[in-house]
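Tertiary structure, described
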Amino acid sequence: MYLDFKDVCVTYEMPGRSVYAVDHVSLSLEKGQSLGLVGESGSGKSTFLNMIGGLDRPSAGRLIVDGKDLFKLNERELVEYKRSTVGFVWQNNARNLLPWLSAWRNVQMPMLFVRGAAKKQRAIELLELVGMEHKRKNRLNQLSGGEQQRIAIAIALANNPKILLADEPTGSVDVKTSNYLLDVFRKLNTELGLTIVIVTHDRM
């Protein structure tokens, strides 16, 4: 299995009691599959996604992604895992984009160690993939919410991640834009074989 959860728990200690953010979750996902996790706000969806992304540590259970046991990774290994294995798309565009840079420059930012010409060409290819090459010179305040999210997807793909994680990617856009964004994710899954996990409160 590419992604393997077994009895995974995340608990937070409160005065006089323990609170389960994630309570004994088990699931598995093959490489190249996509998963949509739907639930109400506060149901632990983002915590679930953050565990896969290496941002939150499980309290108990087994969590293996791409052959890596996330319980056993040290801090240096965890940084490398986050850099090379996962790409994140956040609902809050302030976490995705730098407003003073153009779309093209934003996509180039994660590619710090790629040489100039290759970096520029890769950024253009990614913008074309999400249908935003024509807006490559635009800054954040010149883009709609849906356009910003498409740029955010391109940024998440910049380092060729093996798994793409999206936290409420359609939460701040209208229905038409939401459907378009979901089509972009389907395209990435079918054409690139990218493993994708999306959490949302909307039924997709």
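All values derive from a computational prediction rather than experimental measurement.

Moving on: the pattern of salt bridges. Two side chains that carry opposite charge are able to pair once their charged atoms sit near each other. This model, assessed by the stated rule, comprises 10 salt bridges. The salt bridge involving Lys72 is made with Asp69; its shortest N-O contact spans 4.0 Å. For Lys72, a relative accessible area of 67% translates into the label exposed. The class for Asp69 is partly exposed, based on a relative accessible area of 21%. Note that Arg136 and Glu133 form a salt bridge whose closest N and O atoms lie 2.8 Å from each other. When salt bridges with common partners are traced through the structure, they connect Asp66, Lys68 and Lys162 into a single cluster.

What follows is about the sheet that holds strand S3 (residues 34-38). The sheet built from four strands is open, its strands ordered S3-S8-S7-S6 with parallel pairing. The two strands at the open ends of the sheet, each matched to only one other strand, are S3 and strand S6 (86-89). The mean angle between the axes of side-by-side strands here comes to 15°, regardless of whether they run parallel or antiparallel. In this sheet, strand S8 (residues 195-200) lies alongside S3 in parallel orientation, the contact comprising five bridges. Considered in S8, the bridge of Ser34 is made with Ile196. Along the sheet, helix H1 (residues 45-52) makes contact with S3, S6, strand S7 (163-167) and S8, crossing S8 at roughly 155°.

As a further point, take unusual backbone geometry. One non-glycine residue, Asp7, lies in positive phi territory at about 50°. Relative to the helices and strands, Asp7 resides in strand S1 (residues 3-14). Unlike most non-glycine residues, Glu168 shows phi in positive territory, near 50°. Assignment of secondary structure puts Glu168 in the loop between S7 and helix H6 (175-192).

The next point concerns the pairing of S7. Summarising burial for S7: five of the five residues are buried, a large majority. Burial along S7 is two-sided: the residues Ile163, Leu165 and Asp167 and Leu164 and Ala166 are all buried. In terms of strand pairing, S6 meets S7 through four bridges, oriented parallel. Bridge pairing in S7 places Phe88 opposite Leu165. Pairing analysis gives five bridges linking S7 to S8, with the strands arranged parallel.

Our next topic: H1. Where burial is concerned, most of H1 is hidden: seven out of the eight residues are buried. Buried within H1 we find Lys45, Thr47, Phe48, Leu49, Asn50, Met51 and Ile52.

Quick notes on the rules
Each residue is numbered by its place in its chain's sequence as written, counting from 1. Per-residue local features are limited, in this predicted model, to residues with pLDDT of at least 70; the limit for side-chain atom pairs, both in listing and counting, is 80 or more; totals at the level of whole chains, interfaces and linings are taken over all residues. As a rule here, side-chain values come from all non-hydrogen atoms in the structure, and water together with hydrogens is ignored. Salt bridges are defined as contacts in which a side-chain nitrogen from Lys or Arg sits within 4 Å of a carboxyl oxygen from Asp or Glu. To sort residues, take the accessible area from a 1.4 Å probe on protein chains only and compare it with the maximum for the residue type: under 20% means buried, over 50% means exposed, and anything in between is partly exposed. For two strands to be treated as a pair, DSSP must find no fewer than two bridges joining them. Comment: elements are numbered from the N terminus, with helices defined as DSSP H or I runs of at least four residues and strands as E runs of at least two. For every element, the axis is a line fit to its C-alpha atoms; helices are fit only across the contacting stretch, and the angle between N-to-C directions ranges from 0 to 180 degrees. Two residues qualify as a contact provided that any one of their heavy atoms is within 4.5 Å of a heavy atom in the partner residue.

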